[in-house]
Amino acid sequence: MSKREISLQVNGHPVEAVVEPNMSLLELLRTEAGAPEVKLGCGEGVCGTCTVLLDGEPVSSCLVFAVQAEGHEVTTVRGLAGDGEELHPLQRSFLEHAGSQCGFCTPGMLLTAKWYLDGHPTAGREELRAALAGNLCRCTGYTKILDAVEAYRDLEVVHVD
Amino acid sequence: MSIDTEVTIEAPERPDTEAPPKIRPAPHRDFIEKVAGTLRYADDWGFPGMLHGVVVRAQLPSARIVSIDTSAASAVRGVRAVMTAADIPHNGILDEASGLGVDAIVQPVLAADRVRYDGEPVALVAAETPGAAAEAASLVEIEYEDLAGVFDPEEALRDDAPAVHAGGNRYVTWRSSIGDVDAAMQSADLVVEETYRSQRVDHAYLEPEAGIGWIDSDGVLTLRISTQVIEHAREIAEILELPHSRVRVIAAYMGGGFGGKEDMTVEPFIALLVWKTRRPVRMVWTRQESLLARYKRHPFLMHYRTGVTDDGTIVAQDVRIIGDAGAYPLLSSRVLFAAGVNSTGPYRTANARVESTAVFTNSVPTSAMRGFGAMQVVFAYESQMDRIAESLGLDPAEVRERNFVRQGDPRVTGETIDTGVGVGDCMRRALSELGPPTPPDPARPHTRIGRGFGCSMQPYGRSVFFADRASAWIGLEKDGTMVIRAGVTDLGAGQAASLANIAGEVLGITVDRTSVHIGDSALTPLTGGTFATRQLYMSGNAVLKVARGLRAKLEPVAAALLECDAAELRFDENRVWAGRRSITIGELSRAAEHQSVMPYHHDTFDAETGKFDPETGRGRSFPDCTHGAHAVEVEVDTATGEVRILKYVAVHDIGRAINMQRVEGQIQGAVAQGVGYALSEEVEVSGGVVQSTLFADYLIPTSVDLPDIKAIGLELHPGKGPFGARGVGEPPIGPPPAALAS
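In this numbering scheme, every chain counts its residues from 1 along its sequence in written order. Lettering of chains starts at A and numbering of ligands starts at 1, both following the order in which they are written. Under the rules for a predicted model, residues below a pLDDT of 70 receive no local features and side-chain atom pairs below 80 are neither given nor counted, while totals for whole chains, interfaces and linings still include all residues.

Participant: Before we move on, can you summarise the overall build of chain A with the specific residues and values?
Facilitator: To qualify as a helix, a DSSP run of H or I must reach at least 4 residues; to qualify as a strand, a run of E must reach at least 2; elements of each kind are numbered from the N terminus. The helix and strand inventory of chain A stands at 5 helices and 5 strands. In sequence order, chain A lays out its α and β elements as β-β-α-β-β-β-α-α-α-α. C-alpha atoms define the radius of gyration, and 2.2 Å times the number of residues to the power 0.38 defines the globule rule. Computed over the C-alpha atoms, the radius of gyration of chain A is 16 Å, within 12% of the 15 Å expected from 2.2 N^0.38 for a compact globule of 161 residues. Projected onto its principal axes, the C-alpha coordinates of chain A cover approximately 50 × 30 × 25 Å. Every one of the 161 residues in chain A was classed for burial, and the buried ones make up 55%. With C-beta atoms placed from the backbone, a residue counts as buried when 20 or more other C-beta atoms lie within 10 Å of its own, as exposed when 12 or fewer do, and as partly exposed for counts between those limits.

Participant: So what's going on with helix α1 (residues 29–36) of chain B? Which residues, and what values?
Facilitator: Since the α-helix advances by 3.6 residues per turn, residues separated by three or four positions end up pointing in the same direction. Those residues of α1(B) lying buried are B:Asp30, B:Phe31, B:Lys34, B:Val35 and B:Ala36. Contacts here follow a simple rule: the backbone-placed C-beta atoms of the two residues must lie within 7 Å. Buried positions along α1(B) lie against α2 (89–96) and α3 (106–119) of chain A together with α13 (495–507) of chain B. With its phi angle positive at about 90 degrees, B:Gly37 sits one or two positions after the end of α1(B).

Participant: A description of the packing of α13(B) against helix α14 (residues 535–562) of chain B should follow, citing residues and the corresponding values.
Facilitator: Residue and element names in this part refer to chain B. Fitted lines through C-alpha atoms serve as axes, helices being fitted only where they are in contact, and the angles separating the N-to-C directions of these axes extend from 0 to 180 degrees. One can describe the packing of α13 onto α14 by two numbers: an axis separation of 9 Å at closest approach and a directional angle of 30 degrees. When the axis of α13 is compared with that of α14, the two are roughly parallel. Both α13 and α14 take part in a crossing whose hand is right-handed. Of the residues in α14, those touching α13 at Gln495, Ser498, Leu499, Ile502, Ala503, Val506 and Leu507 are Gln535, Leu536, Ser539, Gly540, Val543, Leu544, Ala547, Arg548, Leu550 and Arg551. Here the residues of the contact of α13 with α14 are counted per class, giving 10 nonpolar, 5 polar and 2 charged. Angle categories: roughly parallel below 35 degrees, roughly antiparallel above 145, roughly perpendicular from 65 to 115, and oblique for all the rest. In a left-handed crossing the near helix is turned counterclockwise from the far helix by less than a right angle, and in a right-handed crossing that turn is clockwise. Only Asp, Glu, Lys and Arg are considered charged in this grouping, and only Ala, Val, Leu, Ile, Met, Phe, Trp, Tyr, Cys and Pro are considered nonpolar; every other residue, Gly among them, is considered polar.

Participant: Can you break down the interface of chain B and chain A residue by residue, with the values?
Facilitator: Contacts between chain B and chain A engage 40 residues on the former and 38 residues on the latter. Listed by contribution, the elements that provide at least two residues to the side of chain B that touches chain A are α1 and α16 (660–679) of chain B.

Participant: Quick one: what's the story with the sheet that holds strand β19 (residues 514–518) of chain B, residue by residue and with numbers?
Facilitator: All names here are of chain B. Two strands pair if DSSP finds at least two bridges between them. Strand order across the open sheet formed by 4 strands is β19-β18-β17-β23, with mixed pairing between neighbours. Single-partner strands in this sheet number two, and they are β19 and β23 (600–606). Neighbour to neighbour, the strand axes of the sheet diverge by 15 degrees on average, direction disregarded. The pairing of strand β17 (residues 469–476) with strand β18 (residues 482–486) spans 4 bridges and is antiparallel. Across the sheet, Leu476 pairs through a bridge with Met482, a residue of β18. Against the sheet, α14 contacts β17, β18 and β23, and its axis sits at roughly 140 degrees relative to β23.

Participant: Describe the sheet that holds strand β4 (residues 114–115) of chain B, and please don't skip the residues or the numbers.
Facilitator: Residues and elements named next belong to chain B. Strand order in the open sheet formed by 3 strands is β4-β2-β6, and the pairing between neighbours is antiparallel. Where the open sheet ends on each side, the last strands, each with one partner, are β4 and β6 (141–146). Where strand β2 (residues 63–69) and β4 come together, 2 bridges link them in antiparallel fashion. Bridged to Arg64 within β4 is Arg114.

Participant: Explain the nonpolar core to me, using residue names and the numbers behind them.
Facilitator: Note on terminology: a nonpolar core is a set of buried residues of type Ala, Val, Leu, Ile, Met, Phe, Trp, Tyr or Cys, with members joined through C-beta atoms within 7 Å. If you look at the biggest cluster of nonpolar residues, it comprises 278 residues, and the most contacted ones within it are B:Val125, B:Leu273, B:Ala503 and B:Val543. If sequence neighbours within four positions are ignored, B:Ala503 has contacts with B:Ile474, B:Met482, B:Ile484, B:Val543 and B:Ala547.

Structure, rendered in structure tokens:
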């Protein structure tokens, strides 16, 4: 197999790498792109732990080949906060409502929640519950995660009004 | 084996329950790093020149190893080491797990001549790339001679069963009794007899087993591991025949543990490869490898006979439990001990007999998992209570009320329950919180609404015969910030954060001005591992003791500066106050040091100790228990059998909350795992081979499988933790299967 040269954007920064054609986007992000915040949970696309946004859409980065990201924009959890901000308001809400225990599912969970609320800013609790079904958490039982996501949604709704 | 027929109890260090903590909601630093994505887990570290390690695993459950050929594997480009049992200085894991000297069987690090379970480690590979390591692993040629295996624990107990180890398949049997069970059973108006089975389940933490090792300064073999127990450093030293002081284990913050990172995982293998290659080595197990071969929760066979009078009063309990230990002892003796002594539940009886046996089979080993033997039995004893109520036409809550244990009651071991029992309050609260029944949905005619509940008691702290202890160190910097050092490992439940809360309460220092250094066998005072719901009890009490000791040293200095009596001093908001005058903690720290009163302190907390006699089954078992009750409402589709949980309430008497939000989080998470255990999770094993090796097969609850879980921590009866807290990490995992079944 011959290696391929690719370039992509990760959290707004250009990344160039020479990769094996069978390298996953997850491996690229963790090893070559300085993004170890993307976590490997199962490697079979089930747990959602490795979720990133690819051009704004959530994907399991373990199931995407690095070469497929050529020319695209990847957002990891570290891309949520704006310049000069330590945390995005959704991250602060997770902190305030204890939506994170061991924290291993948190990067993927935050990205899925942010993506869904961007498209559905008034989503109710049951819609949010359904939206997060692809991101497993073994610590929280999801109740406090939903509390955190709802509190952030309410913050944003008030802000829009 | 030490056998003392008399029950001797040394005077315990009594927790001070007079000073309730104020909750300081400031988040501890690790949670900020977690939501930011910047926390470095075990697999997020690397070194230049690092190698990648892989375990080669057996592909038969019971076999003799005829030969191992590593030549093809060694020839793969980039391979730096291929190791087998013959390369290990001491091929045995030394862990006297029972504390009572019943462990005679030594588990090899790598199988030498005999394979006892499918997936057992046989060889190790280290290579320059993960790909080369995987390729070489596939080229290690192992020639086996297939041997008969045994996969069912009852069959394993038969005389003609294939022996997993020389000496028979019965590993350990614990027996305790009180009163005259046979006579009481004969006098009973009704005897309810039933057998219950529970299945094998996996911890399924989202972070797979991982770590990295290197040789650090002074030749110290250093391992940074996702582990619950840094004290394994000593076992690793024994394997390599090194002085204990030459091995250091650092515990990374874990992406979940739940008991699955209590026994060693990757660390002995990394240690061997580092020592052989003199290079840094990283090892990460795949999810599939973890599901295949990582130790599971024991399947139990539980036979119960309960004798009651017509009004539902229990007069006798007779319990026999068989636990499938799989191929090696690990912590099975302790798990079955916990199962036996807790098998009668939160119910009083003057006559009880319990027997619990761990049996070897050629299945994947079982060991610690949240609830540790005391959770499987909840389903059984609560099902018995429901059957009793049904048989007698009584209300199930009333039958329980009639039988709940109280402070001062004896347990089956002969010891006395010495703290208050709030299980009845928990039950009443859980039932009332469930509210009015949800009406059936006319649009779903095949569905029925059902309700159930279950009560439990679960110990916290290690069995008292371990003479458990924990040490901690606290110091103040010149700027008034605080440093805590304690060998605690952090599972994600806020173990480090709790220590900051407790010390901050005594010394008036806020969390944002506190750094907690945890989990380093070389640099932090040892506390023992994070398991058995013991860290709040042990490290929490240690930090409380040290903080109070440090404050006592500093109070005379502060009193002189503020020209007041030490009794008038108040430590709050990073200052020391005498009325409305105050100095900063930094000023106090500098003044103390100037007077050669060093602003740091180290001390050790000794847990309650006691003796247990395995011959008579009498003595002291656990320091204390946490009680609780869960209530649930479900919708059942009578056509498909599908169960949808509509409401869930979990109530526990937690004595005192150090942080109520984290208490609720522990309860909610344990409920989720308990619901998975009841409804969807099973490690399926066929002929000794695990079939469910994908997350697509092993189904842990998703967000849509659970309703909002209402978690309530009642502060009723002070326990033995700091400020009267009771441990809450494990207790809430027991009731969900019982509540759902009823």
